[in-house]
Amino acid sequence: MTIQYRSRTEIESIRRAGQVVMDILEMLRAATRPGVTTGELDALAASELKRRGATSNFKGYTPAKRVPPFPGVICASVNNEVVHGIPGKRVLKEGDIIAIDFGAIVDGWHGDSAITVPVGQVAPEARRLLDVTRAALWQAIAAARAGNHVLDISRAAQEYVESRGFSMVERYGGHGIGREMHEDPFIPNRTDERMPNPLLRPGMVICIEPMVNIGKPGTRELSDHWTVVTADGSLSAHFEHTVAITTGDPLVLTDLAREATGAEGRAV
Ligand code: MG
Ligand code: MG
């Protein structure tokens, strides 16, 4: 495991990428409504990246040779889809929820964030899933302090989610970020004491990204090699921020004031 420690200047560079990510995510949120396709959201994000002189860290991404390169600049995961949904012809309907995961490269530095957005009016249980997942992210961010360990972050989010009666997904999690989108360390969403548990030190920049299911924690991958769905078909939500560990409070590099003020949300 090679963990990078970034200078203040480097962290500011990552924040600039993070700002581009959040500006465009905000546009995607505003464009999300019944009748829009996930492919149209992807096209909007692609043109806004280009307009800002930024590039995509999602499009063409492939974790292994057997997996086809990811075709979009956003991941669009609707309802029972957890993460890595491929944008395309799917038309959003009133009552859907859509997780939009999005990243950008600016001057060689990467930012990465995700929000889950209601499409029109959604059921109260779906609304609550979004509130709990967003709040779990902020619980996790509050644990992202020098002197704590990676699994303290995982535990904070998982315990919060379980106390609200939902499940944190298995297997997936967050990651270091900087010159690459995915760097060490892995930040598991579910606590597993057998996993590496590095110390959090100032200068680490990590993505924290809880994925929460209304039902059980199990998932499976569809035959497109990308889309991850809940095994039991239940709704799933995903929120993510890029966060720097400092000598004091964690610094959210993809912050938007409104992301911190969801029903159960909390600023650090
Ligand atoms: Mg992401
Ligand atoms: Mg990520």
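Treat the numbers as computed from the prediction; the structure is a model and nothing was measured. (Residues numbered from 1 in each chain as written. Chains lettered and ligands numbered in written order. Predicted model: local features only at pLDDT ≥ 70, side-chain atom pairs only at ≥ 80, totals over all residues. Heavy atoms only, no water.)

## Quick word on the nonpolar core
Then, number 1: Of all hydrophobic cores here, the largest spans 60 residues; its most connected members are Leu41, Ile74, Ile98, Phe102, Ile153 and Ile208.
Then, number 2: Of all the secondary structure elements, the ones that give two or more residues to this core are helix H1 (8–31), helix H2 (38–51), strand E1 (74–78), strand E3 (97–106), strand E4 (109–118), helix H3 (124–142), helix H4 (150–163) and strand E8 (205–208).
Then, number 3: Leu41 has contacts with Leu28, Ala31, Thr32, Val36, Ile74, Leu92, Ile98 and Ile100, leaving out every residue within four places of it along the chain.
Then, number 4: Membership of the second largest hydrophobic core comes to eight residues, among which are Val205, Cys207, Ala244 and Leu253. (Core = buried A, V, L, I, M, F, W, Y, C linked by side-chain atoms within 4.5 Å. Buried < 20%, exposed > 50% of the residue type's maximum accessible area, 1.4 Å probe, protein only. Helix = DSSP H or I, 4+ residues; strand = E, 2+ residues; numbered from the N terminus. Contact = heavy atoms within 4.5 Å.)

## Notes on the layout of surface pockets
Then, number 1: In this model, the largest pocket occupies a volume close to 580 Å³.
Then, number 2: As for the largest pocket, its lining consists of 26 residues, and the residues nearest its centre are Tyr61, His84, Tyr172, His182 and Trp226.
Then, number 3: Counted by class, the lining of the largest pocket contains 13 nonpolar, seven polar and six charged residues.
Then, number 4: Taken together, 13 residues line the second largest pocket, and the ones lying closest to its centre are Arg8, Ile11, Ile245, Thr246 and Thr247.
Then, number 5: Among the elements that take part in the lining of the second largest pocket, H1 stands out by supplying three residues, more than any other.
Then, number 6: In the lining of the second largest pocket, the residues fall into six nonpolar, four polar and three charged. (1 Å grid on protein atoms, 1.4 Å probe; cavity = no way out; pocket = protein on both sides within 12 Å on 5 of 7 lines; lining within 4 Å. Points joined across faces, edges and corners; volume = space filled by probe spheres on them. Nonpolar A, V, L, I, M, F, W, Y, C, P; charged D, E, K, R; others polar.)

## Remarks on the pairing of E3
Then, number 1: For E3, a buried count of ten out of ten residues is recorded, marking the element as mostly surrounded by other parts of the structure.
Then, number 2: The side-chain alternation of E3 yields two buried faces, one formed by Ile97, Ala99, Asp101, Gly103 and Ile105 and the other by Ile98, Ile100, Phe102, Ala104 and Val106.
Then, number 3: The sheet contact formed by E1 and E3 spans five bridges and is antiparallel. Within E3, the position partnered with Ile74 by the bridge is Phe102.
Then, number 4: Note: E3 against E4, ten bridges, orientation antiparallel. (Pairing = 2+ DSSP bridges.)

## Looking at the sheet that holds strand E6 (residues 173–176)
Then, number 1: In space, the five strands of this open sheet follow the order E7-E6-E8-E13-E14, with antiparallel pairing throughout. Lying at the two open borders of the sheet, with one neighbouring strand each, are strand E7 (183–188) and strand E14 (251–252).
Then, number 2: Its contacts with the sheet put H3 on E8, strand E13 (241–244) and E14, and the angle it makes with E13 is roughly 15°.
Then, number 3: In the packing of H4 onto the sheet, contacts are made with E7 and E8, and the angle to E7 comes to roughly 35°. (Axes fitted to C-alpha atoms, helices over the stretch in contact; angles between N-to-C directions.)

## Observations concerning the side chain of Glu81
Then, number 1: Looking at the element boundaries, Glu81 is found in strand E2 (residues 81–83).
Then, number 2: According to the relative accessible area criterion, Glu81 is buried, its value standing at 13%.
Then, number 3: A polar side-chain atom of Glu81 sits 2.9 Å from the main-chain amide nitrogen of Val78.
Then, number 4: Setting aside chain neighbours within four positions, we find Glu81 in contact with Ala76, Arg90, Thr227, Val228, Val229 and Ser236. (Polar contact = N/O pair within 3.5 Å; in protein donor to acceptor, adjacent residues only side chain to side chain.)

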